[in-house]
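Letter by letter, the chains look like this.
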Amino acid sequence: MRYSGLKVIKEALTGHKGWRPTWRDPEPKNSYDVVIIGGGGHGLATAYYLAKNHGLTNVAVIEKGWIGGGNVGRNTTIIRSNYLLDGNEPFYELSLKLWEGLEQDFNYNAMVSQRGILNLVHTDAQRDAARRRGNAMILNGSDAELLDVEGVRAMYPFLNFSNARFPIKGGLLHRRGGTVRHDAVAWGYARGADLRGVDIIQNCEVTGFRIENGKCLGVETSKGFIGANKVASCVAGSSSRVMEKAGMRLPIESHVLQAFVSEGLKPVLDGVVTFGAGHFYVSQSDKGGLVFGGDLDMYNSYAQRGNLPVVEDVMEGGMALMPMLGRVRMLRSWGGIMDMSMDGSPFIDKTHIDGLYFNGGWCYGGFKATPASGWCYAHLLATDTPHKVAAAYRLDRFRRGCMIDEKGQGAQPNLH
Amino acid sequence: MIINHPILGPRDSQEFTYLGDASLIDRPDWQAEDAADQFHDYLYLRDNPAGEHRELWFHEQGDRSWLVVTRNTVTHEILTVELARDVARARGRSK
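An unreviewed UniProt entry lists chain B under the name Sarcosine oxidase subunit delta, with Leisingera aquaemixtae as the source organism.

Under an unreviewed UniProt entry, chain A has the name Sarcosine oxidase subunit beta and belongs to Leisingera aquaemixtae. You can read under Subcellular location (unreviewed entry) in the UniProt record for chain A the words "Cytoplasm". Of chain A, the UniProt comment under Sequence similarities (unreviewed entry) reads exactly: "Belongs to the SoxB family."

Caption draft 1: Region of interest: the overall build of chain A. Summing up its helical and strand segments, chain A has 10 helices and 18 strands in all. Relative to the 2.2 N^0.38 estimate, which gives 22 Å for 416 residues, the radius of gyration of chain A is 22 Å and therefore close to what a compact globule would have. With respect to the three principal axes, the spread of C-alpha positions in chain A is 65 × 65 × 40 Å. For chain A, the share of sequence-separated contacts (at least 6 apart) that also reach a separation of at least 24 residues comes to 74%. Carbon and sulfur atoms provide 52% of the accessible area of chain A, an area that totals close to 17100 Å². With 46 positive and 41 negative side-chain charges, chain A shows a separation of 4 Å between the mean positions of the two kinds.

Caption draft 2: Here's a closer look at the sheet that holds strand 15 (residues 289–300) of chain A. Residue and element names in this part refer to chain A. In spatial order, the strands read 5-6-4-13-14-15-12-16; together these 8 strands make up an open sheet with mixed pairing. Two strands in the sheet have a free side with no partner beyond their single neighbour: strand 5 (145–148) and strand 16 (330–341). Within this sheet the neighbouring strands show an average axis-to-axis angle of 25°, counted without direction. Here strand 5 runs beside strand 6 (residues 170–174); their pairing, made up of 4 bridges, is antiparallel. Paired with Asp 148 across the bridge in strand 6 is Gly 170. Here helix 4 (residues 124–139) sits on the sheet and contacts strand 4 (117–121), strand 5 and strand 6; the angle it forms with strand 6, its principal contact strand, is near 15°. The strands touched by helix 8 (residues 308–321) within the sheet are strand 4, strand 12 (252–264), strand 13 (272–275), strand 14 (280–284), strand 15 and strand 16, with strand 15 carrying the most contacts at an inclination of about 135°.

Caption draft 3: Molecular detail of helix 9 (residues 370–383) of chain A. Residue and element names in this part refer to chain A. Its 14 residues give helix 9 an end-to-end C-alpha distance of 20 Å, which sits within 8% of 20 Å, the value for a rise of 1.5 Å per residue. Extensive coverage of helix 9 is indicated by the burial of 10 of its 14 residues. Among all positions in helix 9, only Thr 370, Pro 371, Ala 372, Ser 373, Gly 374, Cys 376, Tyr 377, Ala 378, Leu 380 and Leu 381 are buried. Backbone geometry just after helix 9 places Asp 384 at a positive phi near 60°.

Caption draft 4: Here's a closer look at the pairing of strand 12 of chain A. Residues and elements named next belong to chain A. Most of strand 12 sits out of view: 12 of its 13 residues are buried. Bridge analysis of strand 12 against strand 16 gives 11 bridges, and the strand direction is antiparallel. Counted as the bridge partner of Val 256 is Ile 337 from strand 16. Strand direction decides the pairing type here: strand 12 and strand 15, joined by 6 bridges, are antiparallel. Considered in strand 15, the bridge of Val 261 is made with Val 291.

Caption draft 5: Spotlight on the side chain of B:Ser65. All names here are of chain B. Within the fold, Ser 65 resides in the loop between strand 4 (52–58) and strand 5 (66–72). Take Ser 65: its relative accessible area is 13%, and that puts it in the buried class. Reaching out from Ser 65, the side chain makes a polar contact with the side chain of Asp 63 at a distance of 2.7 Å. Setting aside chain neighbours within four positions, we find Ser 65 in contact with His 5, Trp 57, Phe 58, His 59 and Leu 83.

Caption draft 6: Main features of the environment of A:Val59. Residues and elements named next belong to chain A. In this fold, Val 59 is placed in strand 2 (residues 59–62). Looking at Val 59, the relative accessible area reads 0%, which means it is buried. Sequence separation between Val 59 and Gly 87 is 28 residues; the distance between their C-alpha atoms is 29 Å. With residues up to four places along the chain from it excluded, the contact list for Val 59 reads Tyr 32, Val 34, Ile 36, Ala 47, Leu 50, Val 198 and Asp 199.

Caption draft 7: Molecular detail of the sheet that holds strand 3 (residues 17–21) of chain B. Residue and element names in this part refer to chain B. Taking strand neighbours across the sheet as the criterion, the 4 strands line up as 3-4-5-6 in an open arrangement whose pairing is antiparallel. Every interior strand has two partners, whereas the edge strands, strand 3 and strand 6 (78–83), have only one. For this sheet, the mean angle separating the axes of adjacent strands, direction not counted, is 30°. For strand 5 and strand 6, the ladder comprises 5 bridges, and the chain directions are antiparallel. Within strand 6, the position partnered with Leu 67 by the bridge is Leu 83.

Caption draft 8: The pattern of salt bridges, seen in detail. Counted according to the given criterion, the structure contains 30 salt bridges over all chains. Salt-bridge contacts for A:Asp183 lead to A:Arg181; the nearest nitrogen and oxygen are separated by 2.7 Å. Among the ionic pairs, B:Glu15 bridges to B:Arg11, the shortest N-O distance being 3.0 Å. Since its relative accessible area comes to 18%, B:Glu15 is described here as buried.

Rules used in this analysis
- Residues numbered from 1 in each chain as written.
- Chains lettered and ligands numbered in written order.
- Predicted model: local features only at pLDDT ≥ 70, side-chain atom pairs only at ≥ 80, totals over all residues.
- Heavy atoms only, no water.
- UniProt positions renumbered as here; feature names shortened; annotations may be inferred.
- Helix = DSSP H or I, 4+ residues; strand = E, 2+ residues; numbered from the N terminus.
- Rg over C-alpha atoms; globule rule 2.2 N^0.38 Å.
- Contact = heavy atoms within 4.5 Å.
- Areas by Shrake-Rupley, 256 points an atom, 1.4 Å probe, with all protein chains shown as cover.
- Lys, Arg positive; Asp, Glu negative; His and termini not counted.
- Charge placed at Lys NZ, Arg CZ, Asp CG, Glu CD.
- Pairing = 2+ DSSP bridges.
- Axes fitted to C-alpha atoms, helices over the stretch in contact; angles between N-to-C directions.
- Expected span 1.5 Å × (residues − 1).
- Buried < 20%, exposed > 50% of the residue type's maximum accessible area, 1.4 Å probe, protein only.
- Polar contact = N/O pair within 3.5 Å; in protein donor to acceptor, adjacent residues only side chain to side chain.
- Salt bridge = Lys/Arg side-chain N within 4 Å of Asp/Glu carboxyl O.

See below:
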């Protein structure tokens, strides 16, 4: 499906009867060069970059539900490049640079909005940590600005600056961070991949892998066997369930993270504000709803819904930061399932099984990583060598003692 | 979620903190030949099942006992609750 201004006018005048589906709905072929399991943001981005960067178009994306129905449609749409460690920051900086050119690249309106992200600080120690992080970001080509309390007050005068427990003392501002229309990311990548010949096969669940003599020959699915030279798992949230079918145990636990949207309000908040000390972050969507969230529910879960104690905790965080929220009604809440890894960082790697590749462990940072994850996974699949900015995302890093633990929490997944 | 504590009866899960898979009770033998491999698997790898999951909960704001809770990770239904001490002893720990 291609679009033009002329087409929009013509369809407006003729009752919108000429629009066709944005991507094809093909039956699977017997075999492909690459089969990607999972039609979420990362899987579709991988297919897109395999076709665009590496000329590999004999590719299928297989999805058990509908594309974009998982975590790419269940997040709070934030993009940022504000990590500390060398294993992470170059990767997220590549991702943010790709976001900046994404709409022109795949010619689809993803509403990328670099409205800025402000991480609040409340103590001298937090300010020191923010300064260190900001310097690490700048060294890796990102941007960071340390604000004092007056700087924060000029941006968001309505915050509660004199909270007794967490008075606001300043913040780390990342101006290039922002938000994106998340569904459009899936649709844009799907359209771009489909136009280049990738088969997107929905309602096709993987039921097993065909592995002989240590080599993966393809996948068993609800639509029959599909052969592949390379099989690429990309199902964060369900990674353990899928890879278990290949006999693998992963350094991952699945946890539920809730998010919330309020009723539509007039514009009040033009950026993203995070209140880490109070487990709360918030932005305002273009429709006017405040989009916010907090901490994990903390226990292993595959249910795409959480429990009330966390709802209460998030609302309390919101009230502590923005007392004016007290009269806002909450409209919707939902939960997404996170691959929480043992050090809080992801994986983009080959497995010990020939021809089987793994991408997952994104914790609650998967959405912002979408373009770079696809870019680097496509690089790995096409060349069999890791992309240089994703070279640390190896499955054996715990065995080697090379964890990428941004928060320094150790092997306790729900604390990352 | 309500956790039916074996000693104290039904308690709100908010009184507890969560650790993780109950396999953490089975600490490997540090003197084994392959202790490094065993500790890697023990510390970092998880079954992470969708369905019944045996897991450790700590009654932090209660009697400070450790419990082994068997819970369904798809429905959040709690099936059985045992004292972790009893589970560990049944497995031959802390003799």
